[in-house]
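Structural features, examined
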Amino acid sequence: MESPSGSPTPSSADLSTHRSEESEGQLFEGQLAIYAISYSPNGKLIATGRQDNSVRIYNSQSGRMLLDLKGHTGEVMALSFSHNGTQLASGSGDHTIRIWNTNSGDTVGEPWEAHSDDVNSVAYSPDDKVIATAGYDGLVRIWDVATRAKIVEITDHPAAVQSVRFSPDGSQLASACDDGNVRIYDARTGALVLGPLKVHTNVVRAITYCPDGTRIASCSDDCTIRIWDSVTGTMVVGPLEGHVGEVECIEYSPDGKTLLSGSHDTTMRLWDSFTGKLIAGLLEQHSSMICCVAYSPDGSTICTGSEDHTICLWDAATGDLLLDPLRGHKQRVSSVAFSPDGRRILSGSWDHTMKLWNSASGELVDFSVHHPAAVQSVRFSPDGIQLASGCGDGNVRIYDARSGALVLGPLEGHTELVRALAYCPDGTRIASCSDDCTIRIWDSVTGNMVLGPLEGHTDSVACVEYSPDGKTLLTGSHDVTMRLWDSFTGKLIAGPLRRHYGAVRGLSHSPDGGRFVSGAEDGAIRVWDASTREVWEVILDLSAHSQWVHCVMFSPDGKLLASAGSNGELFLWDSETGERLRIMTGLDSTS
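In this text the structure is predicted, and so the values were computed from the model without any measurement.

**Looking at the overall build of the protein**
When helices and strands are counted, the protein shows 1 helix and 52 strands. Across the 591 residues of the protein, 58% fall into the buried class. By sequence separation, contacts in the protein at least 24 residues apart represent 43% of the contacts at least 6 residues apart. Approximately 22,900 Å² of the protein is accessible, and the part contributed by carbon and sulfur atoms is 48%.

Rendered as structure tokens:
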């Protein structure tokens, strides 16, 4: 992955000849591997290099694909935006380099064969006049961008070169080699200045200069990170240890104070770049996507359920794991809920069961309720007396929370699986939403359907939430819209509102009812002003998740916001400012 650079967003006229049929409305998604990624310097564009030999450029805010650039005949392994933002260089398994105009998508000049094997890395010099390339053939070359002339060739690497980087002033060029060493060269002559710097015991995967150019960080298949003085070649910090898999990528923060690393162990870690102290180790207790999240009533604990069949309890203040993962389910944990007193946790799973846990000890209470299909949603009633479940058989059931005995149901009405449930604040009614595109409201005492079906959504309704005063009902759907309903009459008050570019997966009201938050498959989280029902205004637009957002929730005091992504990311936000306070997990989903 090459360092970010920038370009202005192309106009529709510029892109017309390079749009694929799928580019209209396409988000950050696909079925093929991505081998390289680069941000433009102004942050507006993201480029990806793909297994299908193409380069794609996206709008980083909306996720829309702007350009689909074809020409390479091998996988695109390396990318680098020019610092002035007008060009993008790509290196490929076809041994060639291509330069693209980031406005029009046209190639700038002819491609050229840079190496006799895969091109592993490309990097623009700070003045954008030359490009450095590194290949699997063990060579490093520097090229004149305007003429394609080879200016420098470095031949002293004994193995494949994985990465090259220019120093911020352009005077040095650093390389990372499969022999486990870092080397620093004069960028004008190609003469070796420092190295080989021998400390890593395995392949060096990536290198990066700190912003002032005085230090270089390297990461390796030996699972460590090391920081070097770029003038003396002395290792000044390290080894930074903690990763249990090969460290694949590393980047300095813009102020040079921190260092972010990513590893084959599926975690990222944030380090103090001067002391080497671990600032944030992204916890790895879930090995797959987080499907559900719930706050304890006092806001001190966050509970998550995962596709890996486990439940985790986290300290909301520190991000620490409070207990070993709770194990007992045999399939995905699809829903979790705290009892009103915070002493118990209810979980529902695709293994057809509901289970009850002691939230302090993590012990499984002698209570397990079996369903005829996957349990999609579970809820405690506000007084803690009832448990409600939404099931894959399309029915709602209500149980005694002490004994687990069925009190009401199955409540029949939906024709497809029930996605979510919500009790109204006084506990007298339960709302359910379904893949049949409808919402229904039930009397929690008699089991009668008192309202519905509420119709209007054109695809599965994934989430439903009562307002704190119980007067309205908010729904989100796979049709990418949200709607606001009168909970007593069923009348549509507002919507359909389309502000997400993917299915709306999660909704939550702030405790005072003044705001609500939405999370969707476009990876975005949006906080809305709920005071004006007819015209909804976005207060905060948070787009940090790398994959779709599965669930969102306000803390009980409304000050914090938790969001969980499909690749195991769990973020904690300041709900007023939008500042991301904590990353509690950070795993790639294998689902």
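**Quick word on the sheet that holds strand S27 (residues 310-315)**
Spatially, the 4 strands line up as an open sheet ordered S25-S26-S27-S28, and their pairing is antiparallel. Because the sheet does not close on itself, it has two edges, and the strands there are strand S25 (290-295) and strand S28 (326-327). Pairing of S25 with strand S26 (residues 301-306), which is carried by 5 bridges, proceeds in the antiparallel orientation. Of the residues in S26, the one forming a bridge with Cys 292 is Gly 305.

**Quick look at unusual backbone geometry**
Note: most peptide bonds trans; most residues except glycine with negative phi. The omega torsion of the bond from Gly 409 to Pro 410 falls at 5 degrees, within 30 degrees of zero and hence cis. In this chain, Gly 452 is followed by Pro 453 through a cis amide linkage whose omega measures 0 degrees. The residue Pro 453 is located in strand S40 (residues 449-454) in this model. The backbone of Asn 53 sits at a positive phi, close to 80 degrees, despite the residue not being glycine. If you trace the backbone, Asn 53 turns up in the loop between strand S2 (45-50) and strand S3 (55-59).

**Quick notes on the pattern of salt bridges**
Applying the stated rule across the entire model yields 16 salt bridges. Close ionic contact of Asp 400 with Arg 402 constitutes a salt bridge, the shortest N to O distance being 3.7 Å. Residue Asp 400 is classed as buried on the basis of its relative accessible area, which comes to 19%. Judged by relative accessible area, Arg 402 falls into the exposed class, the value being 62%. Put simply, Arg 56, Asp 68 and Lys 70 are held in one network by salt bridges that share partners.

**Quick notes on the environment of Asp 308**
Tracing the sequence through the fold places Asp 308 in the loop between S26 and S27. Along the chain, Asp 308 and His 329 lie 21 residues apart, while their C-alpha atoms are 9.3 Å from each other. Within polar-contact distance, the side chain of Asp 308 engages the side chain of Thr 310 at 2.7 Å.

**Side note on the sheet that holds strand S29 (residues 333-338)**
Backbone-to-backbone hydrogen bonds join strands into a sheet, with any given pair of strands oriented parallel or antiparallel. If you trace the 4 strands from one edge of the open sheet to the other, you get S29-S30-S31-S32, paired in antiparallel fashion. Sheet topology places S29 and strand S32 (364-370) at the edges, where each strand pairs with a single neighbour. Within the sheet, the average angular offset between the axes of one strand and its neighbour, ignoring direction, is 20 degrees. Here S29 runs beside strand S30 (residues 344-349); their pairing, made up of 5 bridges, is antiparallel. Its bridge partner being in S30, Val 333 is matched across the sheet by Ser 349.

**Description of the environment of Ala 89**
Assignment of secondary structure puts Ala 89 in strand S6 (residues 87-92). Ala 89 sits 13 residues away from Thr 102 along the chain, and the two C-alpha atoms are 9.9 Å apart. Not counting residues up to four positions away in its chain, the partners in contact with Ala 89 are Ala 78, Leu 79, Ser 80, Arg 98, Ile 99, Val 122, Tyr 124 and Ile 131.

**Structural notes on the confidence of the model for the protein**
On average, residues of the protein score 85 in pLDDT, and 87% of them are at 70 or above. Across residues 586-591, where pLDDT falls below 50, the model places 29 contacts with residues more than four positions away in sequence or in other chains.

**What about the pairing of strand S36 (residues 406-411)?**
Pairing analysis gives 3 bridges linking strand S35 (residues 396-400) to S36, with the strands arranged antiparallel. Within the sheet, the bridge partner assigned to Ile 398 lies in S36 and is Leu 408. The turn linking S35 back onto S36 is made up of 5 residues, and Gly 404 within it adopts a positive phi angle of 80 degrees.

**Some points on the packing of aromatic side chains**
Aromatic ring pairs are reported here in terms of the distance separating the ring centres and the angle at which the planes meet. Tallied over the entire structure, the rule returns 3 aromatic pairs. Here Phe 571 and Trp 573 contribute two aromatic rings whose centre-to-centre distance is 5.9 Å and whose plane-to-plane angle is 75 degrees, an arrangement assigned as edge-to-face. In this structure, Arg 332 packs its charged tip against the face of Trp 350, placed 4.0 Å from the ring centre. Across from the ring centre of Phe 571, 4.6 Å away, lies the NZ or CZ of Arg 580, which sits over that ring.

**Re the environment of Leu 194**
Among the structural elements, Leu 194 can be located in strand S16 (residues 192-198). Measuring from C-alpha to C-alpha, the distance between Leu 194 and Arg 183 comes to 6.0 Å, with 11 residues separating the pair along the chain. Leaving out residues up to four positions away in the same chain, Leu 194 has contacts with Arg 183, Ile 184, Asp 229, Ser 230, Val 231, Thr 232 and Gly 233.

**Notes on the pairing of strand S33 (residues 375-380)**
The buried count for S33 comes to 5 of 6 residues, which makes it a mostly enclosed element. Here S33 runs beside strand S34 (residues 386-391); their pairing, made up of 5 bridges, is antiparallel. Each residue of the ladder has a partner; that of Val 375, found in S34, is Cys 391. Connecting S33 to the next strand, S34, in antiparallel fashion are 5 residues, including Gly 384 with a positive phi near 80 degrees.

**Here's the deal with the side chain of Asn 120**
The residue Asn 120 is located in strand S9 (residues 119-124) in this model. Look at Asn 120 and you get buried, because its relative accessible area is 13%. Only 3.0 Å separates the side chain of Asn 120 from the backbone oxygen of Val 161, close enough to count as a polar contact.

**Some remarks on the side chain of Thr 310**
Its place among the elements puts Thr 310 in strand S27. On the basis of relative accessible area, Thr 310 is assigned to the buried category, the value being 2%.

Criteria and thresholds
- Residues numbered from 1 in each chain as written.
- Predicted model: local features only at pLDDT ≥ 70, side-chain atom pairs only at ≥ 80, totals over all residues.
- Heavy atoms only, no water.
- Helix = DSSP H or I, 4+ residues; strand = E, 2+ residues; numbered from the N terminus.
- Buried < 20%, exposed > 50% of the residue type's maximum accessible area, 1.4 Å probe, protein only.
- Contact = heavy atoms within 4.5 Å.
- Areas by Shrake-Rupley, 256 points an atom, 1.4 Å probe, with all protein chains shown as cover.
- Pairing = 2+ DSSP bridges.
- Salt bridge = Lys/Arg side-chain N within 4 Å of Asp/Glu carboxyl O.
- Polar contact = N/O pair within 3.5 Å; in protein donor to acceptor, adjacent residues only side chain to side chain.
- Axes fitted to C-alpha atoms, helices over the stretch in contact; angles between N-to-C directions.
- pLDDT = per-residue confidence, 0-100.
- Phe/Tyr/Trp six-rings, centres within 6.5 Å; stacked < 30°, edge-to-face > 60°.
- Lys NZ or Arg CZ within 6 Å of the ring centre and 35° of its normal.

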